[in-house]
Amino acid sequence: MGRSASPIDLDDDVPFIENEWIGQRKIYTEVPAFVRWRKDKDMEIPPTFVKHANFPLPNLSVKEFLAVSLPRVSSEIISTKVERWFSKDPPRIFDTHILFGRSILSPTFLTRLEEAVGQAWLDGAKSVVDWRFNDGTDRLPLWIVTFWREAERLNGIQSMWKQSEKWLLHQETQKRQDGNPSKLVKDARKLLESLQWNGKMDYCNKMTWTSQLSHFLGTFWLSDDHIHMMVEEMLLDLHKEKPKDLKYIQVASLFFAREFQSVEEKLARPLPDRRKTLLYKYEVCVKENGLQKLYFPVHISENHWIVGMVNFKKKSIAFADSLYGVNKGSGAPVKFIAALQTWLKHSFGKRFKSFGNSLNHIVQDNTYSCGIIAANTIAHAILDRPLCHGKYAKDDRLRWFIRIASLYPVKSESGPVTPSEDDDTPLAAHADLPNSVDQAHKALSIADLLNPIDNGLLEHPATNGYDSDNSFDSNDIPNIHEPPKLNRGAYTPKPGSNGLKRKRLASSICSDTESSDGYESSTNSIASNEEKRKAKYTKAGEGTSRSAMASRNRRQKFRDGTLKIEDWQFEDWKKKVLKDDPKVTFDPRDRFCPRHSSCGTYVRMKEPCNIGRWNDHIKGCREKKSNKPAGGTPTLFQMGWATVAAKKQKEVRQDDSDNDNSGSDSEPELEEVPCPGVTVSDDPRVLQYLKRTGASGGGGRSLPVIAKQLFKRLFSQLSKEKNRKVVVDTQIQEWKWKNDHVNHRVYATHCQQRVIDRSPKPPHPCPECDSVFHSRAFKSAIRKPIPSDKTSKFVNHRFRNPVLGGIFARTIGVREIVEDESAASSPFVRYAQGALSGKYNNEVFNGLVQAVVTKQDREERGVGLQNFPYAPAWEEMSHLLRIHSPRAYRALKEYFPMPDERTIRNKEAREPRFPMDICPRTFELVTEHLKALDYDGPLGLSCDDTKLFATFRLYWDSKEQSYFLVGGVSGPIRVADPENVKQAIHDAKAEKATKVRVWCLTIPAPKVSPIVVAALPIPNSMDASALCTLLKNVVDGLIDQGLSIVSYACDGTEVERAVEKMFLNLCSQRHITITNPRPGCKDTIITYGIYRGQAICMVQDSKHALKTMRNNLFSGARLLVLGNYPALFLHILHVALGNGTPLYMRDVLKLDRQDDSAALRLFSADVLKYLADNHPDYVGEIVYLFIFGELIDAYQNRSMQHLERIKLVLRAKYFLESWETFLVASGYRKDRYFISREAADILNFIIDGFIALVIIHRDHVQGRVPLLPWLHSSEACEHVFGEARQVVKDFTFLDFVYMIPKLRVKLHQAVLRGKSSDPKARASGYSHSYFDHEGLDLIALSTYPSDADIELASQSAAEQANSLIALLGVNIDTLHRNQNLQASGTWLPSIGSWLNKPHATSDHDDSDRDSNDGLSDNEESEAQQLQHLLDEEESGDAVIFVHNNTLIRVTCVVHPGL
């Protein structure tokens, strides 16, 4: 727990007076900072509590930390409002054992508590009410919220280490079983005994902790910090093993890839600002230091690591995507490649050739090893490490853990321990922290490894030329030519050394190696003065006086561009400089950098308008007469040569010409070239300015100013055209620059036209053009953004050139549009503009427009309409229109160009004929369809049936050259004589089919329509055994074709569920056991089958299940009793009748039992919120709708993590078990007060089926395939039937077969349209939404939990189920004990067994009752005997069971007489 800020840092000397703030009805979000500080102070855990509490010490090893007992994190659902958790009563419980013994609130509710504690504290709350214990009578201190959060954090760390230890144990066991014990596993386990459990590490600027190393041990996904660690270690190896390659090969950190998130904005910055970017520094590294290859990790799709490589020598890029061979990925995201190519083209003049996924790497076959594989790929490329092998790259995980963990052992007890000021553990107040790393092998940060020159070899000047408080930016460029210096002490020159040695050293690093226009650092020219200043004053950037702080703020504002410097301030400063040196000149690129005329040295000021360094230079300069070639000579700027850009690594800059001619008495002959003017190389905003304005120049005074001077009036008030023209001409004559829109350049009006040739570098602009570039007017002009298209129409007509516009319009063929003044308001022009800009994305209408234009063009050219190219969307729309209504199709064809009916019929005829029975051709068609889609992943099989128009139809089979009678349950019947059909039916004893049974395949991918596999006519009387045989034939045929079927779905009828159970019995069953965390309760066993080597599970349609639960709630045949509360239809009716209700009357009264939309509305979050706000006493309905609505949401949600879905289904299972136990214990009959037997069976299929789907996709499906659970349903079959009835309402089996080509078109159109039915529709029957993929999160759907994750989810689900049962008024502990007795089979024994009389008759025997009427005095009565036996058996299970039942009956609602 970190230290709180002092209030002095926030509000100087403001005292906190409690009476002025506490209980004064103030709003916490509006209070000043010192009040919030006081709240934070009150929320701190007292040091005395921390000292006596069982918090783990920071110097514990991982092994010792795992033995520490911490409070358990609860997942129970808290129904009490947050405001009721605070009280104004003083706290009464401080005992550490009590507080540590209670579970921690769920993270979600704890966050809500943290958000509310500020306002509660301000309102006068002094304690926290824990409603989970003692009926809310306990009062805990306010800081318990902080304690819970800290304990929750420690729990998370301990949980990670526990999973890592368990993973290591599993690896050790597996290696031992394979007969290949691993030393890596042994070493890793041994390190857990010495590694600090959460010590600070030196990676990432000391922002990483040893607890993060647990991610290496297991199936965890590696984060940014882990990638940083591995990159830093590989850089260290590169410096050690291949120092000669450092000049040509380098590895970039993650900062490099992140630079491309806004690359265009960075490249558009002015050159001084662009020099600060990492991309510019790598550009310098390549151009001036010969960097050839750059490797870098890239994070894509929010959960995947790949490796990129740029070969600057061969002008190429390549990538390594470990999932490329699995999911046929592109190797890198398109946006990232585009951004990378943008930078390469801008900085190196061309786009590099892309070789795609060509770097050597292994293929990933899971969802979490991409980080390890990325590091191995880089190590293989730069260090010749072998490519890792093994299914999960486990050995590489172990190696990385051992390498890094060995650097951070627990400090020995004899060594000194130094507390860390910024440690955030709760023990920072009373315990010492260990030394984190052995100094002999200290891990370097990214900044150290990438900037070895920072080890004191050079001083880093401020990036923009002024002193900076920080001498190093963590995003700086790698200086790759020097090995890393582990000792980061300041560099001290040897006696007799001078600045030249420092410069020669600098020439070997990755920085600007050219000297720059004679710039001098104060440490070189006035070393003695600087030493005096260092001795006299505080170290730069560390002063604490007001002046020092103000100076730092001023420099920071100047760097940020927010410092406003008035002209008079600059002139005043300039006069002071001119007073010392009348011949002084100024750097045109930096007006605060004067050049001393005597010595030719540029002196950089400490800050704008500061004269201190100039005075120091004047006093210390002994070069009154120039000894240098630059002294007393005109500058290159004065000669017409622009300044070379200032270099960033040295404050002292020297002119190129001075360096080249330092030992020569004569100057070289200089060639001249035309002045380039001001271009985008000087400032990218020049192009923006030229695109914004149509003016031919600028820089003159404004028209109102000139008009007021010449005519004493504003320009708008001039009535004579002659006077207005005079003002405009005057402004043109005053222009300071001219615009060249063609060449994207700006020239000064008085450009000198010739400048010095600097080949191979581009020439600088002449002094006049350079003066324009630095002028205030030009800076203001290029700063203005380009106006939007809507506001561009208000541009002044003087800046519109109709002559040039007309010429351009004629050249591109739009002269009519440009010259027609009414064209702008024409809807046709507006549509063309919108279509070109992507505003109109209606592909059907765009296809119609394209057809109309193409037809007109052909008619004008005299070309026929043969092979007319219709747009696919328009052609499909025409096909659908003809399917629905041929008459409407013909009517529209008179006005719009549409395909001919014969063309459509021929297209349908080319479709393969759909088989009328299950045969090999059936499955060949499916295989051909999947090959066309290039899909070979898992498939979901579904089945359903619908009513047929029972009749026989004749069908001519051209292949068999015979008539067949279709429509019977026995299949097609060959008919020799079509005139004698009745006799053929009589002879065959054929029975008419009343149903058609259809099997469909669903591809678990978005925007893919289902495949109709087979269809058979069946009778109503077909039983489950016959249907299971048909299912087996279909599955066998699909498996024979090599297809992978992972699920079979159907609706919830009794027969269909029986078919699923029968087929599962045909399989070799696999069982997955999930431990039930509730004591004494049966474990959850998930069963799925292995059929012919393929894993397959049985599931039910989730929407059917939702309607079943709705119908159970609305049924009058049963009364659902949930604890003390019933769930009543009457209450739902009250909701439908209420104001602002989300339900419709047709959702409750006269409802359609198959209305999907009505069921979804009933179980929606809106209804739950309405109940909680308006009917909080309807607890039974709230819990019922919440539990089963969330269960179905586990299937239907498009973005939820699978682990969260498992938690929802397990919560429903545990709730059902507890509900059923309560009813049995309370004496309620399940057939009256519980959901129906059919509904309970359907829910079991729903729950077990989903978990089985996750297990199958995780353990049996090859590759990384997302699980889309809503597609594993029978909804596709229902959609097929719905579309078929739109074509023919009452169809025969032959009609259905003929409709298959049309149904394919309709299904394809519906899926591509991707819009489900209207959610507001009432009594609308089925609402198909399986093709709606809005909000789809494929990343979450491709991530599968481990067994350990599922076990943790079961604990959370059980706690939530228990909290809901408690909310219903049922005692959880008593219910669980009763459930335990039921599970063990212990029931209340009979009276006879207690009396040990085997011959005792039953209690309904009248003779027994009569014989007990008269008893002798020495005989015990039956009541006395019973009491005696009860006393003896009081501790027995039987009496406990009776006692528990009594408690349940007393505490719960009294049921009516049964």
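The rules behind each value
Residues numbered from 1 in each chain as written. Predicted model: local features only at pLDDT ≥ 70, side-chain atom pairs only at ≥ 80, totals over all residues. Heavy atoms only, no water. Helix = DSSP H or I, 4+ residues; strand = E, 2+ residues; numbered from the N terminus. Buried < 20%, exposed > 50% of the residue type's maximum accessible area, 1.4 Å probe, protein only. Areas by Shrake-Rupley, 256 points an atom, 1.4 Å probe, with all protein chains shown as cover. Pairing = 2+ DSSP bridges. Axes fitted to C-alpha atoms, helices over the stretch in contact; angles between N-to-C directions. pLDDT = per-residue confidence, 0-100. Contact = heavy atoms within 4.5 Å. Patch = residues over 30% accessible without salt bridge, like charges linked within 9 Å, V, L, I, M, F, W, Y side chains within 5 Å. Salt bridge = Lys/Arg side-chain N within 4 Å of Asp/Glu carboxyl O. Core = buried A, V, L, I, M, F, W, Y, C linked by side-chain atoms within 4.5 Å. 1 Å grid on protein atoms, 1.4 Å probe; cavity = no way out; pocket = protein on both sides within 12 Å on 5 of 7 lines; lining within 4 Å. Points joined across faces, edges and corners; volume = space filled by probe spheres on them. Nonpolar A, V, L, I, M, F, W, Y, C, P; charged D, E, K, R; others polar. Parallel < 35°, antiparallel > 145°, perpendicular 65-115°, else oblique. Left-handed = near helix turned anticlockwise from the far one by under 90°. Polar contact = N/O pair within 3.5 Å; in protein donor to acceptor, adjacent residues only side chain to side chain. Phe/Tyr/Trp six-rings, centres within 6.5 Å; stacked < 30°, edge-to-face > 60°.

Here we take up the overall build of the protein. In terms of regular secondary structure, the protein is built from 61 helices and 31 strands. A total of 1458 residues make up the protein; the buried ones form 48% of that total. Surface accessibility of the protein: about 73,000 Å² in total, with carbon and sulfur atoms responsible for 51%.

The subject of this paragraph is the sheet that holds strand β23 (residues 973-975). The three strands lie next to each other as β21-β22-β23, forming an open sheet whose pairing is antiparallel. Looking at which strands have only one partner, the edges of the open sheet turn out to be β21 (953-957) and β23. When strand polarity is set aside, the average angle formed by the axes of neighbouring strands in this sheet is 40°. Inspection of the sheet shows β21 paired to strand β22 (residues 962-966) by five bridges, in the antiparallel sense. Within β22, the residue paired with Asp957 across the bridge is Ser962.

Now for the confidence of the model for the protein. Of all residues in the protein, 77% have pLDDT values of 70 or greater, and the mean over the chain is 77. Strand β29 (residues 1094-1100) holds the highest mean pLDDT among the elements of the protein, 95, whereas helix α21 (residues 499-506) holds the lowest, 30. Counting interchain partners and residues more than four positions distant, the pLDDT-below-50 stretch residues 1385-1421 has 30 contacts.

Taken across its five residues, β22 has four buried, putting it largely inside the fold. Bridge analysis of β22 against β23 gives three bridges, and the strand direction is antiparallel. By the bridge assignment, Phe964 is partnered in β23 with Arg974.

Let us look at a nonpolar patch on the surface. Taken together, the side chains of Val803, Leu804 and Ile807 make up a nonpolar region of the molecular surface, amounting to roughly 290 Å² of accessible area. Considering the arrangement of structural elements, one finds Leu804 in helix α34 (residues 802-812).

With that out of the way, let us pick up unusual backbone geometry. One non-glycine residue with positive phi stands out, namely Asn134, at about 55°. Here the phi dihedral of Lys315 falls at roughly 55°; this positive angle occurs in a residue that is not glycine.

It is characteristic of soluble globular proteins that their nonpolar side chains tend to be buried jointly. Counting 101 residues, the largest nonpolar core has Phe147, Trp148, Trp161, Leu213, Phe216 and Phe401 as its most contacted members. Broken down by element, this core gets its largest block of residues, ten residues, from helix α8 (residues 144-177). Once residues lying within four places of it in the same chain are set aside, the contact partners of Phe216 are Leu222, His226, Met229, Met230, Ile372, Arg397, Trp400, Phe401 and Ile404. Within the second largest apolar cluster, 87 residues are counted, among which are Ala1095, Val1099, Val1148 and Ile1365.

Moving on, we come to the side chain of Ser316. The residue Ser316 is located in strand β9 (residues 316-320) in this model. Look at Ser316 and you get buried, because its relative accessible area is 7%. Not counting chain neighbours up to four residues away, the residues in contact with Ser316 comprise Met309, Val310, Asn311, Phe352, Lys353 and Phe355.

Turning our eyes to something else, we now look at empty space enclosed by the protein. Applying the stated criterion across every chain, the model contains seven cavities of 30 Å³ or more. Lining the second largest cavity, in full, are Thr1002, Ile1003, Ala1005, Val1008, Ser1009, Pro1010, Leu1271, Val1311, Tyr1330, Phe1331 and His1333. A class-by-class count of the residues in the lining of the second largest cavity yields eight nonpolar, three polar and no charged.

As a further point, take the packing of helix α3 (residues 33-42) against helix α7 (residues 107-122). Relative orientation of the contacting elements α3 and α7 amounts to 105°, with a least axis distance of 11 Å. Relative to α7, α3 is oriented roughly perpendicular. The segment α3 lies against α7, with Val35, Arg38, Lys39 and Asp42 engaging Gly118, Trp121 and Leu122. The residue inventory of the contact of α3 with α7, partitioned by class, reads three nonpolar, one polar and three charged.

This part is about the pattern of salt bridges. Taken as a whole and judged by the stated rule, the model has 56 salt bridges. Arg921 is the salt-bridge partner of Glu924, the closest N and O atoms lying 3.7 Å from each other. Placement of the pair is Glu924 and Arg921 together in helix α41 (residues 920-933), with a separation of three residues, close to one helical turn. The class for Arg921 is partly exposed, based on a relative accessible area of 34%. As a salt-bridge pair, Lys1061 and Asp1241 come within 3.1 Å of each other at their nearest N and O atoms. Placement of Lys1061 in helix α44 (residues 1054-1066) and of Asp1241 in helix α52 (residues 1237-1259) is noted, with a sequence separation of 180 residues between them.

Attention now goes to the packing of helix α45 (residues 1102-1114) against α52. Packing of α45 against α52 leaves a shortest axis separation of 10 Å and a crossing angle of 150°. One way to sum up the angle between α45 and α52 is to call them roughly antiparallel. As α45 packs across α52, the resulting crossing turns out to be left-handed. Seen from α45, the contacting residues are Ser1102, Ala1105, Thr1108, Met1109 and Asn1112; seen from α52, they are Ala1239, Ile1242, Leu1243 and Ile1246.

Now for the side chain of Lys266. Relative to the helices and strands, Lys266 is located in helix α13 (residues 263-267). A polar atom in the side chain of Lys266 sits 3.4 Å from the backbone oxygen of Glu259. In this view, Lys266 contacts Glu259, Arg274 and Thr277; residues no more than four positions away in its chain are not counted.

What follows is about the sheet that holds β29. In a beta sheet, neighbouring strands are held together by backbone hydrogen bonds and run either parallel or antiparallel to one another. The strand order β25-β24-β20-β26-β29-β28-β27 describes an open sheet built from seven strands, whose pairing is mixed. Whereas interior strands pair on both sides, the edge strands pair on one side only; in this sheet they are β25 (1011-1018) and β27 (1068-1074). Across the sheet, the mean angle from the axis of one strand to that of its neighbour is 25°, orientation sign disregarded. With eight bridges joining them, strand β20 (residues 938-947) and strand β24 (residues 995-1002) adopt antiparallel strand pairing. The partner of Asp944 across the bridge, within β24, is Val998. Across the sheet, helix α53 (residues 1275-1287) touches β20, β24 and β25, and the angle it forms with β20 is around 45°.

Counting buried positions over the five residues of β9 gives five, a clear majority of the element. Residues of β9 alternate between two faces, with Ser316, Ala318 and Ala320 on one and Ile317 and Phe319 on the opposite face, all of them buried. Examined bridge by bridge, strand β8 (residues 304-311) and β9 share five bridges and lie antiparallel to one another. Paired with Met309 across the strands is Ala318, a residue of β9. Judged from the two bridges that link them, β9 and strand β10 (residues 353-354) form a sheet pairing that is parallel. Within β10, the residue paired with Ile317 across the bridge is Ser354.

Before going further, it helps to examine the packing of aromatic side chains. The final tally for this structure, using the stated rule, is 38 aromatic pairs. With 4.9 Å between their ring centres and 55° between their planes, Phe256 and Phe296 make a pair best called tilted. Of this pair, Phe256 sits in helix α12 (residues 254-258) while Phe296 sits in strand β7 (residues 293-300), placing them 40 residues apart in sequence. The same class applies to Phe256 as to Phe296, namely buried. Where Phe1215 meets Trp1219, the ring centres are 6.1 Å apart and the plane angle is 50°; that geometry is what we call tilted. Taken together, the residues Phe1215 and Trp1219, both in helix α50 (residues 1202-1226) and four residues apart, mark about one turn of the helix.

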